[in-house]
Amino acid sequence: MTDDTAISLPMQRSIGSSRQVFAPRSASGAAYPNTTPPKSLYIHIPFCFHKCHYCDFYSIVDRQDRQAAFTDRLIRELRAQASYFPDLPLETVFVGGGTPTLLAPKLWERLLAELHSVFDLSEIRDGKGEFSVECNPETVDNQIAEVLAGGGVNRASIGAQSFNTDHLKALERHHNPDRVPEALETLGNAGISRRSIDLIYAIPGQTLEDFDADLEHALSLPIEHISAYGLTYEPNTAMTARLNRGQFSRAPEKLEVDMYNHCLATFDAAGFKRYEVSNHAKPGAECLHNMNYWRSEPWLAVGPSASGHLNGYRWKNTPRLDDYLKLSDRGFAPICDIEPPDTRRALMDLLMTSIRLSEGVDAVSARMTASTIEKQDQLCQAVQSCHDSGWIEHPYAERWVLTDHGFLFADRVGGELIGALLD
Ligand code: SF4
């Protein structure tokens, strides 16, 4: 939190082909995967009604004119990927964006019917699995809530960000904070019982007292999960441009640390336990889908800018909607980034994400993998050094877990660990 040391993972910026990512059919023509089957699916819906100034997710302002064409392509891409995994049982589906709830209910019905026809969603229907949709509070009404619930959605994540209109204005986030409890109630009435909100802190002009009021408001809501992120200034966002023009000052680092510690203590006292640097949940309400990402499990991904992980490859679909709409004959989206299987890179990815978890890194497995690239000693030395700095609890334990102090430096610790794997 206090040290945003940017760690760039090596990425081959080549245009790749989905043929590299998906397993070929067998000689008999039967379609089957040659690897651990994915348990998760991410779907990206790129439409928003306004571009928030801090946002660097791929989204476009919706003019309602391309939603049908987009849904056609999305369904074709789903079919193409699903054809390699007939009746694949999915444990989690996550629809993000963008603003997925901007998609017209009729198009949602088509998409949901397709999901049920090409995948086995019985675990989700039984309540053991998770089907999440990100929602903007302004776009949730009875109709969309009922369509989602009827299609198996059992978890909703609402972007609240703040309950203070001045701070929402500072973010150029266009929603009325009174709509957040209304949206949660509407979703709950439709049967979507698992509900989460996102908050942002360290907003310019926000005091610790202001943030405390946001926390109090959040904890009065019928939710089981809260994500709280310090405001980050991503390149090429309007927020960063305004900062660079001197239109406001960013929150002091000490205030950001105080806010992080305050929200941790407040959530903990209310029964929301930290399970990742920025994520807090009632017991059993952790986001399964994100846990699968952070543990480097394979997942499928469809939609513009969506990133997937399969057969050791990581790939990213092209972000531009116009380009995305040009699918291949077989229904795959153009890919703009692809990383081929690589033991060192896979271990680096795992260390960077799983060190941020309260459960930490599986040290036995990490050491074994590091030994295959002759980096075990270097990795253990880096862990010892992070322990000496007070960031990692026990260097010889079965899991490497951050200390409370270490959580403030999670990305830096991740950087130290992956640095040990480089020549
Ligand atoms: S609603 Fe979400 S995805 Fe859309 S611009 Fe705002 S932060 Fe980005």
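Everything quoted here is computed from the prediction, not taken from an experiment.

The rules we used
Residues numbered from 1 in each chain as written. Predicted model: local features only at pLDDT ≥ 70, side-chain atom pairs only at ≥ 80, totals over all residues. Helix = DSSP H or I, 4+ residues; strand = E, 2+ residues; numbered from the N terminus. Rg over C-alpha atoms; globule rule 2.2 N^0.38 Å. Buried ≥ 20, exposed ≤ 12 C-beta atoms within 10 Å, placed from the backbone. Contact = placed C-beta atoms within 7 Å. Domains from an automatic or database assignment. Nonpolar A, V, L, I, M, F, W, Y, C, P; charged D, E, K, R; others polar. Arc of directions from axis to C-beta. Axes fitted to C-alpha atoms, helices over the stretch in contact; angles between N-to-C directions. Parallel < 35°, antiparallel > 145°, perpendicular 65-115°, else oblique. Left-handed = near helix turned anticlockwise from the far one by under 90°. Core = buried A, V, L, I, M, F, W, Y, C linked by C-beta atoms within 7 Å. pLDDT = per-residue confidence, 0-100. Pairing = 2+ DSSP bridges. Right-handed = clockwise from strand over helix to strand, strands pointing away.

Engineer: Can you walk me through the overall build of the chain in this structure?
Structural biologist: Tallying secondary structure elements over the chain gives 17 helices and 18 strands in all. Relative to the compact-globule value of 22 Å for 423 residues, the chain shows a C-alpha radius of gyration of 21 Å, a close match. Judged by the C-alpha coordinates and their principal axes, the chain covers about 55 × 55 × 45 Å. Counting every position in the chain, which comprises 423 residues, the buried fraction comes to 43%. Taking the contacts inside the chain whose residues are at least 6 apart along the sequence as the reference set, 73% of them involve residues at least 24 apart.

Engineer: Would you explain the domain arrangement of the chain in this entry?
Structural biologist: By a widespread convention, an interface's size corresponds to the accessible area lost as its parts come together. By domain assignment, the chain separates into domain 1 (18-294) and domain 2 (343-423). Placing the centre of domain 1 and that of domain 2 at their C-alpha centroids yields a distance of 28 Å. Contacts between the two partners involve eight residues from domain 1 and, on the opposite side, eight residues from domain 2. Of all the secondary-structure elements, those providing two or more residues to the side of domain 1 that touches domain 2 are α10 (253-269), β11 (273-276) and α11 (288-294). The biggest single contributor to the side of domain 1 that touches domain 2 is β11, with three residues. Residues belonging to the side of domain 1 that touches domain 2 are distributed by class as follows: six nonpolar, no polar and two charged.

Engineer: I tried to follow unusual backbone geometry on my own but got confused; where do I start?
Structural biologist: Apart from glycine, the bulk of residues carry a negative phi angle, and the bulk of peptide bonds sit in the trans form. Here the amide bond leading from G97 into G98 is cis, since omega sits at 20 degrees, within 30 degrees of zero. Tracing the chain through its elements places G98 in the loop between β5 (92-97) and α3 (105-118). For Q161, which is not a glycine, the phi torsion comes out positive at approximately 70 degrees. In this fold, Q161 is placed in strand β8 (residues 155-161).

Engineer: Where do I start with helix α14 (residues 363-372) in this structure?
Structural biologist: The periodicity of an α-helix, 3.6 residues per turn, causes residues three or four positions apart to be oriented the same way. Within α14 the residues assigned to the buried category are A363, A366, T369 and A370. The buried residues of α14 occupy an angular sector of 130 degrees when the element is viewed end-on, so they sit on one face. Of the exposed residues in α14, those oriented more than 90 degrees away from the buried face are V364, M368, S371 and T372. Here the buried face of α14 lies against α13 (343-354), β17 (361-362), α15 (376-388) and β18 (399-400). Two residues or fewer after α14 comes E374, characterised by a positive phi angle close to 55 degrees.

Engineer: Sorry, what's going on with the packing of α13 against α14 here?
Structural biologist: Geometrically, a packed helix pair is captured by the angle between its two axes and the distance between the axes. For the pair α13 and α14, interaxial distance at closest approach is 10 Å and the crossing angle is 155 degrees. Between α13 and α14, the crossing angle belongs to the class labelled roughly antiparallel. Crossing of α13 over α14 shows left-handed handedness. Seen from α13, the contacting residues are T343, L347 and L351; seen from α14, they are A366, T369, A370 and T372.

Engineer: Looking at this structure, how should I read the packing of helix α2 (residues 67-82) against α3?
Structural biologist: Packing of α2 against α3 leaves a shortest axis separation of 10 Å and a crossing angle of 5 degrees. Viewed along their axes, α2 and α3 adopt a mutual orientation that is roughly parallel. The residues of α3 that touch α2, namely those facing Q67, A68, T71, L74, I75, L78, R79 and A82, are L107, R110, L111, E114 and V118. Split by residue class, the contact of α2 with α3 holds eight nonpolar, two polar and three charged.

Engineer: I would appreciate a short explanation of the nonpolar core in the present structure.
Structural biologist: The tendency in soluble globular proteins is for nonpolar side chains to be buried as a group. Ranked by internal contacts, the top residues of the largest apolar core, which has 114 residues, are Y201, L351, I355, V413 and L417. Taken domain by domain, this core gets at least three of its residues from each of domain 1 (18-294) and domain 2 (343-423). Each residue touching I355, except ones within four places of it in the same chain, is listed here: G360, V361, W400, L402, A410, V413, G414 and L417.

Engineer: Whenever I open this one, the environment of M259 confuses me. Can you help?
Structural biologist: By secondary structure assignment, the location of M259 is in helix α10. Residue class for M259 comes out buried when judged on the 25 C-beta atoms lying within 10 Å of it. Taking the C-alpha atoms as reference, M259 lies 37 Å from D377; in sequence the two are 118 residues apart. When sequence neighbours within four positions are dropped, the list of residues in contact with M259 reads Y201, A202, L208 and F211.

Engineer: Just checking my understanding: could you explain the confidence of the model for the chain for this structure?
Structural biologist: Mean pLDDT over the chain: 92, with 92% of residues reaching 70 or higher. Low pLDDT, under 50, characterises residues 1-14; the stretch is placed with 33 contacts to residues that sit more than four places away or in other chains. Low pLDDT, under 50, characterises residues 24-34; the stretch is placed with 10 contacts to residues that sit more than four places away or in other chains.

Engineer: Before we go on, may I ask you to explain the pairing of β8 in this structure?
Structural biologist: Two faces, one strand: in a regular strand the side chains alternate between the faces of the sheet. Here β8 lies mainly inside the structure; seven of its seven residues are buried. Burial along β8 is two-sided: the face carrying R155, S157, G159 and Q161 and the face carrying A156, I158 and A160 are both buried. In this structure, strand β7 (residues 130-135) lies alongside β8, joined through four bridges in parallel fashion. Pairing of E134 across the sheet is with S157, part of β8. Regarding topology, helix α5 (residues 142-150) serves as the crossover connection from β7 to the parallel β8, and that connection is right-handed. Here β8 pairs with strand β9 (residues 194-201) via six bridges, running parallel. Bridging across to β9, A156 finds its partner in R195.

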